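An overview of the molecular structure
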Amino acid sequence: MGVSHISNRSEKPSERWSRRGILTVLGVVPAAVLTGCSGSAGAAESASSGGASAKASVKAAKTPTVTVSPADGTKKADFSAPVTVTVTDGTFATVKVTGNDGSTLAGTFNAAKTKWTSTKNPYSGTKYTVAAQAQGAAAKTATFTTRSPGETFVGYFTPEANSTSGVGMPVSINFTHAVKDRAAVQKAITVTAEPAVEVVGHWFSDTRLDFRPETYWAAGTKITLSLRLKDVEGQDGIYGIQSKDVTFDIGREQISTVDLAGKEMVVKRDGKTLATYPVSGGNAQHTTWSGIMVISERFKQTRMESSTVGLGDEYDISDVPHAQRLTTSGTFVHGNYWASTAVFGNENTSHGCVGLHDAKGANDSSVAGYKFYDSSMLGDVVIVKNSGEKTVAADNGLNGWNLSWADWKAGSAV
C-alpha cells in the first residue's frame, strides 16, 4: 500500500504525506520550538544572574572613604565647632581622637554608624590625632592643630585651694576681663558641697561672680570649685583658659555679734559662747556699717592711713595690731593700743572700725585684741548691729549674706 500510494505520481508533492505523517511532523516542530525557548530562557537567566553578581562584586570591591573635619593637616583649625568624621561606602568600627596633651575627645555615632561627632569642641592650641577604622578596612589616621585664642581671661578665686575657712566664706571669683556672656561663663563653673546643699551663683558685676548656699555652710563641709573656662567665650574674641578643680574646707562655726549700743562683742563657737569683749565702734561722724560681714583678710600688724579711705590726714598708724578686714572700703575689727582702756565698752570713738583693747607690738596674749585674733580665721562671720549706720552693701567685701535668698538667686545668669 505504501508503494502504490507513493507511486501515485498524479498527487502534488505537498499531498504525498499522510495525515498521520503531517501530525507527526507538526508534533515534532512544537517540541523543537519549546526546546529552543527553554534554552533561551536559561541563557537569559544566566546572563541576568551573572550581571547582578558582577554589580555586587563591584559594589563590594569599593573601599570605604573616610573624611575628617577639620581636614588632615590643618594648622589653625577652629576650636568653636565639634570634630566630625564621616565614611562613605562603609560603616565605622571605631573612631578615636587624642590630643597631644593626653586628653581624649569623646564622641557619638549616628544610627547608621556612618558619622562620628565629638560631644565637645576641641581645645584651642592643641594638636589632635584622629584614628578612624571602617568595618573590614584599614585604619585611617589624620592630624590637625587648633588655633590659639587671641585674648584670654582667667578667674581669680577666693578662698585659696586646700585652705580651711569659716562658715561665712563664699566662693568669690574675679575675672581679668569683663564678661559679656554671663550665662556661658557661669555654666562653665560649678561649686559643690559635701554634705550636699544647693549652691547658687550671683553676679555683682561683669567681673565678679560669687557662690553661696542659702544659709552659712555647715561646719566641716568640703567644697569643690570646678572651673571649665577653657575656650569659653566671655565676650567677643576673649576666651577663658582655665580647666581645673580646687577644693577647700569649712572649719568650725564662729559667729561674733557686735552690739554698738552696748559696746560689746559676743563670740560664739559652734553655738556656745566662747568670749565676750568690750569694744569701741565708729563715732557719730564716722559710723560703722551694720549688717553681716565676713573676715576677708588678716594681719598681725598693718599700717592704716586715713587718706586711703577718704579722710585726709586724720591718722596714720604704722603698726595697728591684729587687724581683720570686714569690708573693701576699709572697715576692720582690730586691736587698739593708743586709746585708754576706759574707752572700750563705754564709748564709740573710732573712724568706723571695731576696736578691742590691745598692746603695742601685737605680742601680749592677755589682751582682748590678741585673743580675738587668735580665735579667728578667714571666713568667720562678724555681725554688727545698733551702729546708727545702714546695712553694708553686699559687694563691699565678702558680704553677700546681706541679700535675701530670693535676691541672691535673682542675680544668677542660669
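Below: a short report on this structure. (Residues numbered from 1 in each chain as written. Predicted model: local features only at pLDDT ≥ 70, side-chain atom pairs only at ≥ 80, totals over all residues. Heavy atoms only, no water.)

Digging into the pattern of salt bridges
A pair can form between side chains of opposite charge whenever their charged atoms are brought close. Applying the stated rule across the entire model yields 9 salt bridges. Among the salt bridges present, the one from Lys 222 reaches Asp 249, with a minimum N-O distance of 4.0 Å. Of this pair, Lys 222 sits in strand β16 (residues 222-228) while Asp 249 sits in strand β19 (residues 243-250); the two residues are 27 residues apart in sequence, bridging distant segments of the chain. What makes Lys 222 partly exposed here is its relative accessible area of 35%. What makes Asp 249 partly exposed here is its relative accessible area of 30%. Notably, a salt bridge pairs Arg 325 with Glu 297, separated by 2.6 Å at the nearest N-O pair. Remark: Glu 297 occurs in strand β24 (residues 297-305) and Arg 325 occurs in strand β25 (residues 316-325); sequence separation between them is 28 residues. (Salt bridge = Lys/Arg side-chain N within 4 Å of Asp/Glu carboxyl O. Helix = DSSP H or I, 4+ residues; strand = E, 2+ residues; numbered from the N terminus. Buried < 20%, exposed > 50% of the residue type's maximum accessible area, 1.4 Å probe, protein only.)

Observations concerning the packing of aromatic side chains
The way to describe two aromatic rings as a pair is by their centre distance and the angle between their planes. In total, this model carries 9 aromatic pairs according to the counting rule given. Taking the centre distance of 5.0 Å and the plane angle of 75° together, the rings of Phe 79 and Tyr 239 count as edge-to-face. Taken together, the positions of Phe 79 in the loop between β1 (65-69) and β2 (84-88) and Tyr 239 in strand β18 (residues 238-240) put the pair 160 residues apart, joining distant regions of the chain. We note that Phe 79, like Tyr 239, is buried. Arranged with centres 6.3 Å apart and planes meeting at 75°, the rings of Tyr 277 and Phe 372 form a pair that is edge-to-face. Within this pair, whereas Tyr 277 is found in strand β22 (residues 272-278), its partner Phe 372 is found in helix α4 (residues 368-375), the two being separated by 95 residues in sequence. Pair check on accessibility: Tyr 277 and Phe 372 agree, each one buried. (Phe/Tyr/Trp six-rings, centres within 6.5 Å; stacked < 30°, edge-to-face > 60°.)

Focus on the sheet that holds strand β23 (residues 291-294)
The strand order across the open sheet built from 5 strands is β22-β21-β20-β28-β23, with neighbouring strands paired in mixed fashion. Each edge of the open sheet is held by one strand with a lone partner, namely β22 and β23. Across the sheet, the mean angle separating the axes of adjacent strands is 20° when strand polarity is ignored. The sheet contacts of α4 involve β20 (254-259), β21 (264-269) and β22, and relative to β22 the element is tilted by about 145°. (Pairing = 2+ DSSP bridges. Axes fitted to C-alpha atoms, helices over the stretch in contact; angles between N-to-C directions. Contact = heavy atoms within 4.5 Å.)

Quick notes on the sheet that holds β16
Read from one edge of the open sheet, 4 strands run β11-β19-β16-β13, paired in mixed fashion. Looking at which strands have only one partner, the edges of the open sheet turn out to be β11 (164-165) and β13 (189-194). In this structure, β11 lies alongside β19, joined through 2 bridges in parallel fashion. From the neighbouring strand, Ser 165 faces β19, where its bridge partner is Ile 250.

Structural notes on the environment of Ala 131
Its place among the elements puts Ala 131 in strand β7 (residues 127-134). Along the chain, Ala 131 and Val 85 lie 46 residues apart, while their C-alpha atoms are 9.8 Å from each other. Residue contacts for Ala 131: discarding those within four places in its chain leaves Thr 94, Val 95, Lys 96 and Lys 140.

Points about the pairing of β2
The sheet contact formed by β1 and β2 spans 5 bridges and is antiparallel. Each bridged residue has a counterpart across the sheet, and for Val 66 the counterpart in β2 is Val 87. In the sheet, β2 pairs with strand β6 (residues 115-118) via 3 bridges, with the strands oriented antiparallel. Its bridge partner being in β6, Val 85 is matched across the sheet by Trp 116.

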